[in-house]
Amino acid sequence: MKISLVLGGGGARGYAHIGVIETLKSLGFEINSISGTSMGAVIGGLEASGSLDKYKEWVTSLDFIDMFKFFKPPFKLDGEKIFEKIKQIVGEEIKIEQLPIKYTAVATDLTKKREVWLQRGDLFKAMQASSAIPGVFNPVVINNRMLVDGGVLNLLPIAPVMSDMNDLIVAVDLYAPERDIDFDIPKEVIHKQNLLEDIWAKIFKEKESPVSLSIDLMMDVIYRYRKAEYVPDILIEIPKNVAKWYDFHKAPFLIEIGKILTKEAIEKAKKKNLV
């Protein structure tokens, strides 16, 4: 079954997209087009370019010493270093229009105050622009337009895939209502997360900043206002309490969450005869 996949924004919760993609493909779904905002645009671009496996291998192998390299005093995320690593994984000179999967990265044009769909040109710059969280990462200039995170205006960009001739639109919401986190996660994944959690909570101060609190509030409000505009055929809901946007140490855990909740959503869709 051919699908259009919409990957929402939500910072570190976007690691769940990896588990979603892996599970959909294992269940026989063919991803023919991808639209993404912020972290969704990053994961979507990696999948469209065939680089997602390499990226997953990297993020799931990181220990705290490795993560420490991507911070700058006083324990703030260093956007330049993070994107440089992603650039190494994706490669240079890749054009969106040459990808085997139709791809759209959604960004926000600060100059004209509107949503922008990046569907041609440099893949890496499109990914970087779509995920340039204001106050955390620097804006990206493309064609004299100052672009920042697409989540400023649209956290779940369904519109770019509405005209695609696929069987279903599958969307991943990273701001779903909170629920009990009692999922069956492999013990080795829980063990690694717990080891990192102790250090992360003591050292990483991003969670205490007004910028971080503002980002969470902004994204939550924007999503609640816009979620009714377009309705996908299948919605995979990642509860917002599984991680904060800055919990980048939770990659293995969030990937497993993505797998579990994708299977859950597909089972519900089968009962409705959607698949």
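Everything here concerns the structure above.
Residues numbered from 1 in each chain as written. Predicted model: local features only at pLDDT ≥ 70, side-chain atom pairs only at ≥ 80, totals over all residues. Heavy atoms only, no water.

Visitor: I would appreciate a short explanation of helix α9 (residues 251-271) in the present structure.
Guide: Owing to its 3.6 residues per turn, the α-helix brings residues three or four apart onto one side. If you check α9, its first and last C-alpha atoms are 31 Å apart, about what 21 residues at 1.5 Å a residue would give, namely 30 Å. Positioned one or two residues after α9, Asn-273 has a phi angle of 65°, which is positive. (Helix = DSSP H or I, 4+ residues; strand = E, 2+ residues; numbered from the N terminus. Expected span 1.5 Å × (residues − 1).)

Visitor: In this structure, what is going on with the pairing of strand β1 (residues 2-7)? I would like to understand it.
Guide: Regular strands show a simple pattern: their side chains alternate between the two faces of the sheet. The buried count for β1 comes to five of six residues, which makes it a mostly enclosed element. At this point the chain moves from β1, through helix α1 (residues 16-26), to the parallel strand β2 (residues 30-37), and the crossover so formed is right-handed. Bridge analysis of β1 against strand β9 (residues 168-176) gives five bridges, and the strand direction is parallel. Across the sheet, the residue bridging to Val-6 is Ala-171, located in β9. (Buried < 20%, exposed > 50% of the residue type's maximum accessible area, 1.4 Å probe, protein only. Right-handed = clockwise from strand over helix to strand, strands pointing away. Pairing = 2+ DSSP bridges.)

Visitor: Is there a simple way to think about the layout of surface pockets in this case?
Guide: The gaps left among the atoms become clear once a water-sized probe is rolled over them. Within this model, the largest pocket holds a volume of roughly 330 Å³. In terms of lining residues, the largest pocket is bounded by 18 residues, among which Leu-235, Ile-236, Glu-237, Ala-265 and Lys-268 are the most central. Looking at the lining of the largest pocket residue by residue, the classes come out as twelve nonpolar, no polar and six charged. (1 Å grid on protein atoms, 1.4 Å probe; cavity = no way out; pocket = protein on both sides within 12 Å on 5 of 7 lines; lining within 4 Å. Points joined across faces, edges and corners; volume = space filled by probe spheres on them. Nonpolar A, V, L, I, M, F, W, Y, C, P; charged D, E, K, R; others polar.)

Visitor: Help me understand the nonpolar core, please; the structure alone is not making it clear to me.
Guide: Nonpolar side chains tend to gather and get buried jointly when the protein is soluble and globular. Tyr-55 and Tyr-103 are the most contacted members of the largest nonpolar core, which has 81 residues in total. Residue contributions to this core peak at nine residues, all from α9. (Core = buried A, V, L, I, M, F, W, Y, C linked by side-chain atoms within 4.5 Å.)

Visitor: Can you walk me through the pattern of salt bridges in this structure?
Guide: Pairs may arise between side chains of opposite charge once their charged atoms sit close together. As enumerated under the stated definition, the model contains ten salt bridges in all. For Glu-22, the salt bridge is made with Lys-56, and the minimal N-O distance between the two is 2.9 Å. With Glu-22 in helix α1 and Lys-56 in helix α3 (residues 52-61), this pair connects stretches of sequence that are 34 residues apart. Notably, a salt bridge pairs Glu-97 with Arg-120, separated by 3.7 Å at the nearest N-O pair. Taken as a pair, Glu-97 in the loop between α5 (79-90) and β5 (102-109) and Arg-120 in the loop between β6 (114-118) and α6 (123-130) lie far apart in primary sequence, 23 residues in all. Note on Glu-97: relative accessible area 38%, which makes it partly exposed. In this structure Arg-120 comes out as exposed when scored by relative accessible area, which is 63%. (Salt bridge = Lys/Arg side-chain N within 4 Å of Asp/Glu carboxyl O.)

Visitor: Would you take a moment to explain a negative patch on the surface for this structure?
Guide: On the surface, a cluster of negative charge is made up of Glu-80, Glu-84, Glu-92 and Glu-93. Among the secondary structure elements, Glu-93 is positioned in the loop between α5 and β5. (Patch = residues over 30% accessible without salt bridge, like charges linked within 9 Å, V, L, I, M, F, W, Y side chains within 5 Å. Areas by Shrake-Rupley, 256 points an atom, 1.4 Å probe, with all protein chains shown as cover. Lys, Arg positive; Asp, Glu negative; His and termini not counted. Charge placed at Lys NZ, Arg CZ, Asp CG, Glu CD.)

Visitor: Looking at this model, I keep getting lost on the packing of α1 against helix α2 (residues 39-48). Mind explaining?
Guide: Helix packing for two helices is described by the angle between their axes and how far apart those axes are. Two elements in contact, α1 and α2, have axes whose closest approach is 10 Å; the angle formed by their N-to-C orientations is 40°. In terms of orientation, α1 lies oblique with respect to α2. α2 is crossed by α1, and the crossing has right-handed handedness. Along the contact surface, α1 presents His-17, Ile-18, Ile-21 and Lys-25, while α2 presents Met-39, Gly-40, Ile-43 and Glu-47. Residue composition of the contact of α1 with α2, by class: four nonpolar, two polar and two charged. (Axes fitted to C-alpha atoms, helices over the stretch in contact; angles between N-to-C directions. Parallel < 35°, antiparallel > 145°, perpendicular 65-115°, else oblique. Left-handed = near helix turned anticlockwise from the far one by under 90°. Contact = heavy atoms within 4.5 Å.)

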